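# Observations on the three-dimensional arrangement
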Amino acid sequence: MKKRTRRQLQGWGAAATVAAAVWAARHWSAVWPALVAVLGAALVGGAGWTLWRAHHLAVSQDRAWRVREEARSRELSMAEVDALSWQEFEAYVADLCRRDGCTKVVVSGKSGDLGADVIGYLADGRKLVIQCKKYAPHRSVPSQDMQKFVGTARPEHGADVALFVTTCRSFTKDALGLAVRQDVVALNRDLLGSWVKGAHLETLFPLSGSGGGTKRRPSA
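First, a word on scope: everything that follows refers to the structure included in this document. The model shown is predicted, which means the values in this text are computed figures rather than measured ones. (Residues numbered from 1 in each chain as written. Predicted model: local features only at pLDDT ≥ 70, side-chain atom pairs only at ≥ 80, totals over all residues. Heavy atoms only, no water.)

## Some thoughts on the overall build of the protein chain
Along its length, the protein chain carries 7 helices and 7 strands. What you see in the protein chain, going N to C, is helices and strands ordered as α-α-α-β-β-β-β-α-β-β-α-β-α-α. Looking at the protein chain as a whole, 33% of its 220 residues qualify as buried. Within the protein chain, contacts between residues separated by at least 24 positions form 61% of all contacts whose residues are at least 6 apart in sequence. (Helix = DSSP H or I, 4+ residues; strand = E, 2+ residues; numbered from the N terminus. Buried < 20%, exposed > 50% of the residue type's maximum accessible area, 1.4 Å probe, protein only. Contact = heavy atoms within 4.5 Å.)

## Some details on the pattern of salt bridges
Inspection of every chain in the model, using the stated rule, returns 6 salt bridges. Between aspartate 100 and arginine 99 there is a salt bridge, with the nearest N and O atoms lying 3.0 Å from each other. Note on arginine 99: relative accessible area 38%, which makes it partly exposed. Two residues, arginine 126 and aspartate 124, come together in a salt bridge whose shortest N-O distance is 2.8 Å. Members of the salt-bridge network, linked through shared partners, are Asp124, Arg126 and Glu202. (Salt bridge = Lys/Arg side-chain N within 4 Å of Asp/Glu carboxyl O.)

## Topic: the sheet that holds strand 2 (residues 118–121)
If you trace the 5 strands from one edge of the open sheet to the other, you get 1-2-3-5-7, paired in mixed fashion. Among the strands making up the open sheet, the edge pair consists of strand 1 (103–107) and strand 7 (184–187). For this sheet, the mean angle separating the axes of adjacent strands, direction not counted, is 15 degrees. Sheet analysis places strand 2 next to strand 3 (residues 127–133), joined by 4 bridges and oriented antiparallel. (Pairing = 2+ DSSP bridges. Axes fitted to C-alpha atoms, helices over the stretch in contact; angles between N-to-C directions.)

## Observations regarding the pairing of strand 2
Pairing of strand 1 with strand 2 involves 3 bridges; the strand directions are antiparallel. By the bridge assignment for strand 2, threonine 103 is matched with tyrosine 121. Linking two consecutive strands that pair antiparallel, namely strand 2 and strand 3, is a turn of 5 residues; a positive phi of about 100 degrees is found at glycine 125 within it.

## Regarding the nonpolar core
Side chains that are nonpolar tend, in soluble globular proteins, to be buried together. Core analysis: the largest hydrophobic core is formed by 26 residues, its most contacted members being Leu128, Ile130, Leu187 and Trp195. Those elements giving two or more residues to this core turn out to be helix 2 (28–82), helix 3 (86–99), strand 3, strand 5 (161–166), strand 7, helix 6 (189–196) and helix 7 (201–204). Here this core takes 5 residues from helix 3, the largest share from any one element. Leucine 128 has contacts with Cys97, Cys102, Val118, Ile119, Gly120, Tyr121, Leu122, Val161, Leu163 and Leu201, leaving out every residue within four places of it along the chain. (Core = buried A, V, L, I, M, F, W, Y, C linked by side-chain atoms within 4.5 Å.)

## Thoughts on unusual backbone geometry
Of note, the phi angle at lysine 104 is positive, near 50 degrees, even though the residue is not glycine. Along the chain, the position of lysine 104 falls in strand 1. Under the relative-accessibility criterion, lysine 104 is labelled exposed at 68%.

## Some words on the packing of helix 3 against helix 6
Put simply, helix 3 and helix 6 touch, their axes get as near as 11 Å, and they point 55 degrees apart. Taken together, the axes of helix 3 and helix 6 are oblique relative to one another. At the point where helix 3 passes helix 6, the crossing takes the left-handed sense. Seen from helix 3, the contacting residues are Phe89, Tyr92, Val93, Leu96, Cys97 and Arg99; seen from helix 6, they are Leu192, Trp195 and Val196. (Parallel < 35°, antiparallel > 145°, perpendicular 65-115°, else oblique. Left-handed = near helix turned anticlockwise from the far one by under 90°.)

## Here's the deal with the packing of aromatic side chains
Taken as a whole and judged by the stated rule, the model has 2 aromatic pairs. Ring centres 5.8 Å apart and planes at 80 degrees place the aromatic pair phenylalanine 149 and phenylalanine 164 in the edge-to-face group. Of this pair, phenylalanine 149 sits in helix 4 (residues 143–153) while phenylalanine 164 sits in strand 5; the two residues are 15 residues apart in sequence, bridging distant segments of the chain. By relative accessible area, which is 0% here, phenylalanine 164 ends up buried. The interplanar angle of 75 degrees and the centroid separation of 5.6 Å between the aromatic rings of phenylalanine 164 and phenylalanine 171 together place this pair among those described as edge-to-face. For the pair formed by phenylalanine 164 and phenylalanine 171, the shared burial category is buried. By the ring-pair criterion, three or more aromatic residues cluster together here, those being Phe149, Phe164 and Phe171. Seen from the ring of tyrosine 121, lysine 104 lies directly overhead, with NZ or CZ sitting 5.8 Å from the centre. (Phe/Tyr/Trp six-rings, centres within 6.5 Å; stacked < 30°, edge-to-face > 60°. Lys NZ or Arg CZ within 6 Å of the ring centre and 35° of its normal.)

Quick look at the structure:
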């Protein structure tokens with residue numbers, strides 16, 4: 001019974017196919033424009049997809065190129081920073097703060113400053129305390145350096161925003177973790193390069209992995 005039913009279905013399918021072919025042949029003048037339209041839509045869709053893929057690839061390549069060029073540009077500007085002495089570097093950081101609207105900016109310029117190499121006030125009145133470390137690019141800021149700064153920036157200097165800026169490429173995992181937990185803005189070489197190239201200091205806060213160093217507000 002099942003075999004017969006299967007054969008019947010196959011027969012009906014063949015008959016339907018033949019009937020459709022016969023109908024299409026008799027009404028070809030009406031059928032061919034529809035076929036042409038379907039084929040045209042398929043071709044246009046395929047061409048559109050190809051163009052979209054090509055555009056997407058071009059945009060991705062352009063974005064990658066821009067990232068490489070931006071990194072190269074930062075490094076070219078950082079070459080001048082690398083040539084500074086540590087005293088000159090602290091003075092240069094102070095100048096960057098003034099450029100971005102900070103007021104009452106002073107440079108310690110001496111040892112025993114308890115981690116406050118530069119002190120000033122942001123435009124909204126928050127007190128900014130900066131530790132500057134001029135290290136070789138290949139180095140990493142160790143956890144001990146961050147611990148010392150955390151221990152003085154707010155308890156000793158009353159910082160609203162504690163900023164640790166360095167010329168080396170990275171902070172160790174422990175140092176950066178401590179910065180995040182203690183709400184310290186940690187500017188590595190890349191972020192410093194962006195600052196040097198004209199990025200406003202406060203736009204770099206959210207990129208530092210610290211949450212922005214903005215939990216404390218100036219007292220009334």
